[in-house]
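Given next are the chains, with one letter for each unit.
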Amino acid sequence: MSPASQLGAAVLGCGSIGPLHAEALADVEGARLVAVADVRPERAHSLAGRHGVTACSSIDELLALPEVDLVCVCTPSGTHGELGSQVARAGKHVVLEKPVDVSLKAADGVIAACAAEGVVVSVISQHRFDAGVIALKEALRRGDLGPVVLAEARAWWYRAQSYYDSDTWRGTAALDGGALMNQGVHLVDLLIHLLGPVRSVYARGKTAAHKMECEDLALVSIEFESGVLGSLCVTTASYPGAPETLAVTGSSATVVLEAGSVLSWQTDERSAYDLDPGPHGSGPSAASAASAAAGSRHLAVTAHRAQLQDVVDAIHEGRPPAVTGADGREALELVRAAYDSFCSGQPVHVNGAGAP
Ligand SMILES: NC(=O)c1ccc[n+]([C@@H]2O[C@H](COP(=O)([O-])OP(=O)(O)OC[C@H]3O[C@@H](n4cnc5c(N)ncnc54)[C@H](O)[C@@H]3O)[C@@H](O)[C@H]2O)c1
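Draft legend 1. A look at the packing of helix 8 (residues 179-195) against helix 11 (residues 325-344). Where helix 8 meets helix 11, the closest approach of the two axes is 9 Å, and the angle between their N-to-C directions is 120 degrees. Taken together, the axis directions place helix 8 and helix 11 in an arrangement best described as oblique. Here helix 8 and helix 11 pass one another in a crossing that is right-handed. Across the interface between the two elements, Leu180, Met181, Val185, Val188, Asp189 and Ile192 from helix 8 touch Asp327, Glu330, Ala331, Leu334, Val335 and Ala338 from helix 11. Here the residues of the contact of helix 8 with helix 11 sort into nine nonpolar, no polar and three charged.

Written as structure tokens, this is what we have:
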């Protein structure tokens, strides 16, 4: 592919996850990193220097660069909607780190701005590209599990207090949310991706072990529109942290994933994939275990690279990306409904989640 047919990609926000986007983009076909930006100019300069690209100290400076076609928004969660809308209004494609935003209004704003400008929007949910998740999705599509009865997702992760103290936005309702909005949204998206839309949730949350505004522990009971029941338990207060698990059981098989790889795959005839990574994964990597314990400094780049490749391919092919803005909104809607349930102590219909 000639450089002229390559998209110029940029990273907005050069903190923990922005550098991983820059690294991933280096290996994405059909795009090349051309610029990075951060309101803390030293972060932009440091990342730009490592990749030999332009450093900007504001979104306006970044969007003024004609060589930028696509921007990965890697800023605090509560800024994604507004910044993503600015990117779209400049006529550039938008990748939003998860969650789409913490507010449904802001999420609707950026989705509408992208539609109005005819640009692609994708929300990062990189674990959809993990081998075990792909295999399980395909098995569910084929009906291999028989009628599904239950799904259970669990993230017993650990973040030290220093994580929440590392910046003023962390753990706040306005810009971050707690363990469910920030960390749990990965599993929320996977549950919806695998089992379909959710009708209602009944949730409890608390701040168990940290000094922070939002929850570090959430228990969510889920009723899918299909009638399947599910549960999600997520915490950042579980020392030393463990890889997340997602289990789906039906009348013909039970599949357990750990950190996106198949841990066990039991059918009525055999344990076909039992502890055999086969084509579905290589078992939880050292990176996923470290990420459970400490966060994105240890995230593997592979899954982000796969999602960014899909976004770039989607732009070149004129099709929607695998993970759309609407997908990001659906996950946010469940989180907001769970937050409503925390407060009311009642089950909440997901499409009835209140503002913001
Ligand atoms: N997909 C994942 O696994 C994953 C992992 C970690 C973080 N994230 C998400 O990425 C986002 C960022 O998280 P982080 O841990 O990198 O945060 P961070 O605080 O380490 O980095 C955010 C950066 O954005 C910059 N910034 C803030 N406002 C800006 C603006 N208006 N213009 C330009 N730069 C601005 C900050 O100066 C900072 O350098 C969050 O939404 C988080 O949920 C996703």
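Alright, that's what it looks like, and here's the rest.
Draft legend 2. Just the nonpolar core, in detail. By size, the foremost hydrophobic cluster in this structure holds 108 residues, and its most contacted members are Ala10, Leu12, Val36, Val94, Leu191 and Ala338. At eleven residues, the largest contribution of residues to this core is made by helix 8. No fewer than three residues from each of domain 1 (3-123 + 302-322) and domain 2 (127-284 + 332-350) sit in this core. Those residues in contact with Ala10, other than ones at most four positions away along the chain, are Val34, Ala35, Val36, Ala37, Leu62, Val68 and Val71.

Draft legend 3. Structural context of the pairing of strand 5 (residues 93-96). Of the two faces of strand 5, the one holding His93 and Val95 and the one holding Val94 and Leu96 are both buried throughout. Bridge count between strand 4 (residues 70-73) and strand 5: four bridges; the pairing is parallel. Counterpart to Leu70 in the pairing with strand 5 is His93. For the crossover that starts at strand 4, traverses helix 4 (residues 80-89) and ends in the parallel strand 5, the hand is right-handed. Where strand 5 lies against strand 6 (residues 121-123), three bridges are found, and the strand directions are parallel. Counted as the bridge partner of Val94 is Val121 from strand 6.

Each value, and the rule that gives it
Residues numbered from 1 in each chain as written. Predicted model: local features only at pLDDT ≥ 70, side-chain atom pairs only at ≥ 80, totals over all residues. Axes fitted to C-alpha atoms, helices over the stretch in contact; angles between N-to-C directions. Helix = DSSP H or I, 4+ residues; strand = E, 2+ residues; numbered from the N terminus. Parallel < 35°, antiparallel > 145°, perpendicular 65-115°, else oblique. Left-handed = near helix turned anticlockwise from the far one by under 90°. Contact = placed C-beta atoms within 7 Å. Nonpolar A, V, L, I, M, F, W, Y, C, P; charged D, E, K, R; others polar. Core = buried A, V, L, I, M, F, W, Y, C linked by C-beta atoms within 7 Å. Buried ≥ 20, exposed ≤ 12 C-beta atoms within 10 Å, placed from the backbone. Domains from an automatic or database assignment. Pairing = 2+ DSSP bridges. Right-handed = clockwise from strand over helix to strand, strands pointing away.

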